[in-house]
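One-letter residues, chain by chain:
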Amino acid sequence: MFTPFILILLFTKAWSFEPPEEKADVFAKKACPAFLTFFNAAYLAGATVELPCYCKPHQVHSVVWFFRKLGSGSEETRALADHHGNQLLDSSRIPHGGDLRSRFFIRLFSLLLFRASVDDSGVYICGSEHGDYFYAYDLDIQEVQKLGPARESASISRKRRQRQRSGEPLYRVFTTFRPWSRCDRCGLPGEQVRAGLCYVHSRFLHVRYQGTNRTVVSCGSEAVPEAFSRLKRSRPGASLEIRSCHVTCPNEAPPPSVVDNIMVFVGHSSKETQVQVSYLNHPADQILTLGCPDARPGMAVAWDRGPKPIYRLHSQASPRLYIDAGHHLVFKPATLQDSDVYYCWLQGRRVAEIHLLVYTSFGKNSSIWSHPEFSTAMQLVLKCYATMTAVFCLLLLIRAGVRLRRDAHTD
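Every chain is numbered on its own, with residues counted from 1 as its sequence reads. This being a predicted model, a pLDDT of at least 70 is required before a residue's local features are given, and a value of 80 or more before pairs of side-chain atoms are given or counted; all residues contribute to the totals for chains, interfaces and linings. Hydrogens and water are ignored here; the side-chain numbers use all heavy atoms of the structure.

1. Let's talk about the state of the cysteines
For step 1, the next point in the chain: Working definition: a disulfide is two cysteine sulfur atoms within 2.5 Å of each other. If you walk through the whole model with that rule in mind, you get 5 disulfides.
For step 2, the next point in the chain: C183 shares a disulfide with C245; S-S distance 2.1 Å. With the S-S dihedral at roughly 85°, the linkage between C183 and C245 falls on the right-handed side. Here C183, found in the loop between β10 (171-177) and β11 (190-202), pairs with C245, found in strand β14 (residues 238-245); they are 62 residues apart in sequence, far enough to count as distant.
For step 3, the next point in the chain: A disulfide bridge connects C186 with C249, and the sulfur atoms are separated by 2.2 Å. Handedness here is read from the sign of the S-S torsion; for C186 and C249, about 95°, the answer is right-handed. Residue C186 is located in the loop between β10 and β11, and its partner C249 is located in the loop between β14 and α4 (258-266); the two are separated by 63 residues in the primary sequence.
For step 4, the next point in the chain: Each residue is placed in one exposure class: buried if its accessible area under a 1.4 Å probe, protein chains only, is under 20% of its type's maximum, exposed if it is over 50%, and partly exposed if it falls in between. C186 gets classed as buried once you look at its relative accessible area, which sits at 11%.
For step 5, the next point in the chain: You can call C249 partly exposed: its relative accessible area is 38%.
For step 6, the next point in the chain: Cysteine pairing for the protein, with bonded cysteines counted in sequence order: 1-2, 3-7, 4-8, 5-6, 9-10. Going along the chain from the N terminus, every DSSP run of H or I of four or more residues is numbered as a helix, and every run of E of two or more is numbered as a strand.

Rendered as structure tokens:
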């Protein structure tokens, strides 16, 4: 049993403040390039993209990001800002019905793009409001064109075909696969995924665009010359391979002690949080996108509908409900039958429980009479009314019969 003195010590320790250690300025170690170059970066569509501004002068305390869409001229470069500034893209082209501010944010000089789409491909420049440029990216967002079970490396066979056609072609297209993710579930069958991005190797790339080396960039990069017309027309995309897995769950942690409960109460516990429970209402016949809390690029994410797992391989046959490349659960569109409890797994552990309610939404030009289930609902209401009326009449008859029988015995 804890004495009041021990509890006072615990709360004093919990609320004590220690000033942070002095850290070196990260911008002091990296000088900005004298000649602005564009660093190539490729991501899957639907993923969250972070573009850090790795260098800036010491006197600059805020940055402005500039954007030029893929294939457009330099005169179409637009300035980006956060919630107090300009817009990023055409709001009518934002995927999954999400608004602009849910996909775009500037934090600590870095540009974050949520649920990136192919239309976000282009040049991103970190600079100042006076038009100074510090750091730039050549961003290539690739749509998944091949999704299926794991196969042999496709890049090797593609390279061989290119070499067989000619001794030294102008360019070679290949796919680079990232490592397999960890199993997205434990205790029951799960899945592992790995993404393969499209790259091109050539000696004729633009010198201002830098990839892993001077001769390799992603297939959608602006470094690819216009002379590679066949590559430009085909627009090769990314691949996503899936394979089954099964791992055992780690041993559960012992129940929390009194000290752990106190530390959780004051917000200073380092233990893993419990499953987050949330409630969501969404109108029917509209696109809905569910994201797993605290999920970041490269993490393993899985989804369950109640006790039934939702597998990527099986969801290919149902384009209305699927898991996209960014590990979001997409309803395209949501229907009344989708109302249920959904669970999210993160890194093999269940972390979120979402209670989804899809309701009927009536627009300006629609009424309740035009609803497809109106006739069924009216039939059910009429049947219930008829049943209640019959029961009421039966009770009246029984009451009248009892009265007549009682009056007969009295006489």
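2. Regarding a nonpolar patch on the surface
For step 1, the next point in the chain: Together, V391, L394, L395, I398 and V402 make up a nonpolar patch on the protein surface, roughly 460 Å² of accessible area in all.
For step 2, the next point in the chain: Along the chain, the position of V391 falls in helix α6 (residues 374-410). Like charges are joined within 9 Å and nonpolar side chains (Val, Leu, Ile, Met, Phe, Trp, Tyr) within 5 Å, but only among residues with over 30% relative accessible area and no salt bridge; these make up the patches. Accessible surface is estimated by sampling points in the Shrake-Rupley manner with a 1.4 Å probe; for residues, cover comes only from the protein chains shown. What makes a salt bridge here is a side-chain nitrogen of Lys or Arg within 4 Å of a carboxyl oxygen of Asp or Glu, nothing more.

3. Overview of unusual backbone geometry
For residues that are not glycine, phi is negative in most cases, and the peptide bond is trans in most cases.
For step 1, the next point in the chain: Note that the residue after K332, namely P333, is joined by a cis bond; omega there is -5°.
For step 2, the next point in the chain: Position of P333 relative to the elements: it lies in the loop between β20 (329-331) and β21 (340-346).
For step 3, the next point in the chain: Here the phi dihedral of D285 falls at roughly 65°; this positive angle occurs in a residue that is not glycine.
For step 4, the next point in the chain: Along the polypeptide, D285 turns up in the loop between β15 (276-283) and β16 (288-290).
For step 5, the next point in the chain: Relative accessible area serves as the criterion here: at 63%, D285 is assigned to the exposed category.
For step 6, the next point in the chain: A positive phi angle, close to 55°, is found at Q347, a residue other than glycine.

4. Concerning the sheet that holds strand β2 (residues 49-51)
For step 1, the next point in the chain: The 3 strands lie next to each other as β2-β6-β5, forming an open sheet whose pairing is antiparallel. Among the strands making up the open sheet, the edge pair consists of β2 and β5 (104-107). Within this sheet the neighbouring strands show an average axis-to-axis angle of 20°, counted without direction.
For step 2, the next point in the chain: Strand pairing follows a simple DSSP-based rule, namely that at least 2 bridges must link the two strands. In terms of strand pairing, β2 meets strand β6 (residues 110-113) through 3 bridges, oriented antiparallel. Bridged to V49 within β6 is L113. Here an axis means a line fitted to C-alpha atoms, over the contact stretch when the element is a helix, while the angle between two N-to-C directions is reported on a 0 to 180 degree scale.

5. A short note on the nonpolar core
Side chains that are nonpolar tend, in soluble globular proteins, to be buried together.
For step 1, the next point in the chain: We define the nonpolar core as a collection of buried residues of types Ala, Val, Leu, Ile, Met, Phe, Trp, Tyr and Cys that are connected through side-chain atoms lying within 4.5 Å of one another. Counting residues in each nonpolar core, the largest one holds 23 residues, and the members touching the most others are L51, W65, L111, Y124 and L139.
For step 2, the next point in the chain: When residues in this core are grouped by element, the largest group, 5 residues, is from strand β8 (residues 133-142).

6. Points about the side chain of S202
For step 1, the next point in the chain: Structurally, S202 can be placed in strand β11.
For step 2, the next point in the chain: Relative accessible area serves as the criterion here: at 1%, S202 is assigned to the buried category.
For step 3, the next point in the chain: Here a polar contact means two N or O atoms within 3.5 Å. Within protein one must be a hydrogen donor candidate and the other an acceptor candidate, and residues neighboring in sequence count only if both atoms are side-chain atoms. Here the side chain of S202 touches L170 through a polar contact of 2.8 Å, landing on its backbone oxygen.
For step 4, the next point in the chain: At 3.1 Å, the side chain of S202 and the backbone nitrogen of F204 are in polar contact.
For step 5, the next point in the chain: Residue contacts are counted whenever heavy atoms from the two residues lie within 4.5 Å of one another. In contact with S202, not counting residues within four places along its chain, are L170, Y171, T215 and F228.

7. Concerning the packing of aromatic side chains
For step 1, the next point in the chain: What counts as a ring pair is set by centres within 6.5 Å for rings of Phe, Tyr and Trp (its six-membered ring), and what kind of pair is set by the plane angle: stacked under 30 degrees, edge-to-face over 60, tilted for all other angles. The final tally for this structure, using the stated rule, is 9 aromatic pairs.
For step 2, the next point in the chain: Ring plane angle 10° and centroid distance 4.9 Å describe the contact between F39 and Y135, whose orientation is recorded as stacked. Taken together, the residues span a long stretch of sequence, with F39 in strand β1 (residues 38-44) and Y135 in strand β8 at a distance of 96 residues.
For step 3, the next point in the chain: Relative accessible area serves as the criterion here: at 25%, F39 is assigned to the partly exposed category.
For step 4, the next point in the chain: Aromatic side chains Y171 and F228 sit 4.7 Å apart centroid to centroid with 35° between the ring planes, which places their arrangement in the tilted category. Pair noted here: Y171 is in strand β10 and F228 is in the loop between β13 (216-218) and α3 (229-234), with a separation of 57 residues, a long-range link.
For step 5, the next point in the chain: On the basis of relative accessibility, which here comes to 15%, the residue Y171 falls in the buried class.
For step 6, the next point in the chain: Note on geometry: a ring has a charge over it if NZ (lysine) or CZ (arginine) is within 6 Å of the ring centre and within 35 degrees of the ring normal. Between the NZ or CZ atom of K56 and the centre of the ring of F109, over which it lies, the distance is 4.9 Å.

8. Some thoughts on the sheet that holds strand β18 (residues 308-310)
For step 1, the next point in the chain: Ordered by their spatial adjacency, 5 strands build an open sheet running β15-β22-β21-β17-β18, and the pairing between neighbours is mixed. Two strands lie at the open edges of the sheet, namely β15 and β18, each paired on one side alone. Within the sheet, the average angular offset between the axes of one strand and its neighbour, ignoring direction, is 30°.
For step 2, the next point in the chain: Sheet topology places strand β17 (residues 301-305) next to β18; 3 bridges connect them, and they run antiparallel. Paired with W303 across the strands is I310, a residue of β18.

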